[in-house]
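An overview of the molecular structure
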Amino acid sequence: MLGLVLALMASGLNLIYGVFDVLNIAHGEFMFGGAMVSWFLWDIFGMNPVLTVPFAAISMFGVGVLMHICLIEKVFKESTVVSLILLFGVSIAVQGLAIKFLSVNPKTISYYEGSIQLGSILIPRSRFAASLVALPSLGLAHVFLKYTKHGVATKATAQNAEIAESCGINVRKVRYLTTGIAAALAGVAGSATIMVLPINPQSGYRFAITAFIVAIVGGLGSFYGSIVAAILMAVGQNLLAWKTDQMLADALIYILLLGVLILRPSGLAGLLKSKAR
C-alpha cells in the first residue's frame, strides 16, 4: 500500500519534471488536499471513503490547473531556483492556513474495520481498500499516457517542446493539464492514505520529500521508473523494519538516495536504457 501511494506521488512529480523541468516542492499539499476532501465527505455526509476518491481527484485537478496558470506558467522559464522558491512559499502558506483553520490535530477515516484472511495472511481492510484505490489510478494514468491523443502530446512535449509546438500541439495546454493530472494523482494518494494513517497539515510535505527521493531513484522525468522505484523501496523498507528496526529502515531510503546520486544519477530509468542499448 505504501509503495502504491508513493508511486502516485512520485509519478506525478516526474510527470511535471519530464514535461517542463519543474520540481514541484508543493506537491505534498495536493495530497493533503485530497485527504481533506475525502475526510470532509466522510465526516459530514457519511460517504463511503472509496466513493470520495473521484471528488478528491477532480478537486485537486482543478487546483493544480489553477496553480499552474496563475503561478507556475509565469515563472518556470526563468530558472529552476525561481520556481523552487515560489513553490516552497506556496507549500509553507498552505500549511500555515491549514494549521490556522483545520488545526494540527491528525485526522483519519475509521470506516473499514477488521481484516481479510487469505490463507495464513491477514490483510487489514483499510489497507486493502487503499490499495484498490491506488492501483487502478496508476492503471488509468498509464492508459491515458499510452493510448490517448493528449497522452501522446504529453510525451511529445516532454521529448522536445519546440518540435511538438511546430507540429501543432498546444504545448501550454499540455503543461497545465500535466500539472492537473499530477495533482489529481496526489489527491488520490491522500484519499488512500487517510483511510489507513492519520493525516495533518505537515503530512503532505513529509510524503512529498519521500516521493522526491523515489523520483530521483526511479530517474527524474521517468513516469514508469518512479512507479518501479516506489514499490521496491516500500517493500524493502518494510522488510528491513520487520527484520531489524524502524529507525534503520527509515535511514534506508536516504542511504539509497546517496548511492544512486554517486553511482547512477540517472536512476533506474537510466539503468534500463543502458541495458536496452
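Thresholds, definitions, all that
- Residues numbered from 1 in each chain as written.
- Predicted model: local features only at pLDDT ≥ 70, side-chain atom pairs only at ≥ 80, totals over all residues.
- Heavy atoms only, no water.
- Salt bridge = Lys/Arg side-chain N within 4 Å of Asp/Glu carboxyl O.
- Helix = DSSP H or I, 4+ residues; strand = E, 2+ residues; numbered from the N terminus.
- Buried < 20%, exposed > 50% of the residue type's maximum accessible area, 1.4 Å probe, protein only.
- Patch = residues over 30% accessible without salt bridge, like charges linked within 9 Å, V, L, I, M, F, W, Y side chains within 5 Å.
- Areas by Shrake-Rupley, 256 points an atom, 1.4 Å probe, with all protein chains shown as cover.
- Pairing = 2+ DSSP bridges.
- pLDDT = per-residue confidence, 0-100.
- Axes fitted to C-alpha atoms, helices over the stretch in contact; angles between N-to-C directions.
- Parallel < 35°, antiparallel > 145°, perpendicular 65-115°, else oblique.
- Left-handed = near helix turned anticlockwise from the far one by under 90°.
- Contact = heavy atoms within 4.5 Å.

A look at the pattern of salt bridges
Using the criterion set out here, one finds one salt bridge in the structure. Residue E73 is joined to R175 by a salt bridge in which the shortest nitrogen-to-oxygen separation is 2.6 Å. You can see E73 sitting in helix α3 (residues 49-75) and its partner R175 sitting in helix α8 (residues 171-194), a full 102 residues away along the chain. For the pair E73 and R175, one class covers both residues: buried.

Some details on a nonpolar patch on the surface
Together, I231, V235, L239 and W242 make up a nonpolar patch on the protein surface, roughly 410 Å² of accessible area in all. Residue classification places L239 among the partly exposed residues on the basis of a relative accessible area of 46%.

Comments concerning the pairing of strand β2 (residues 121-124)
Pairing geometry for strand β1 (residues 115-118) and β2, over four bridges, is antiparallel. Bridging from a neighbouring strand, S115 pairs with P124 of β2. Taken together, β1 and the strand that follows it, β2, pair antiparallel across an intervening segment of two residues, in which G119 is found at a positive phi of about 65 degrees.

Considering the confidence of the model for the chain
Across the chain, the average pLDDT comes to 88, with 97% of residues at 70 or higher. Helix α12 (residues 267-276) is the least confidently modelled element of the chain, averaging 55 in pLDDT, while helix α2 (residues 27-45) averages 95, the highest of any element.

Quick notes on the packing of α2 against helix α4 (residues 80-102)
Their axes nearest at 10 Å, the elements α2 and α4 cross at an angle of 25 degrees. Classed by the angle they form, the pair α2 and α4 counts as roughly parallel. Read as a crossing pair, α2 and α4 show a hand that is left-handed. On the side of α2, the interface is formed by E29, F32, M36 and F40, while α4 contributes S91, V94, Q95, A98 and L102.

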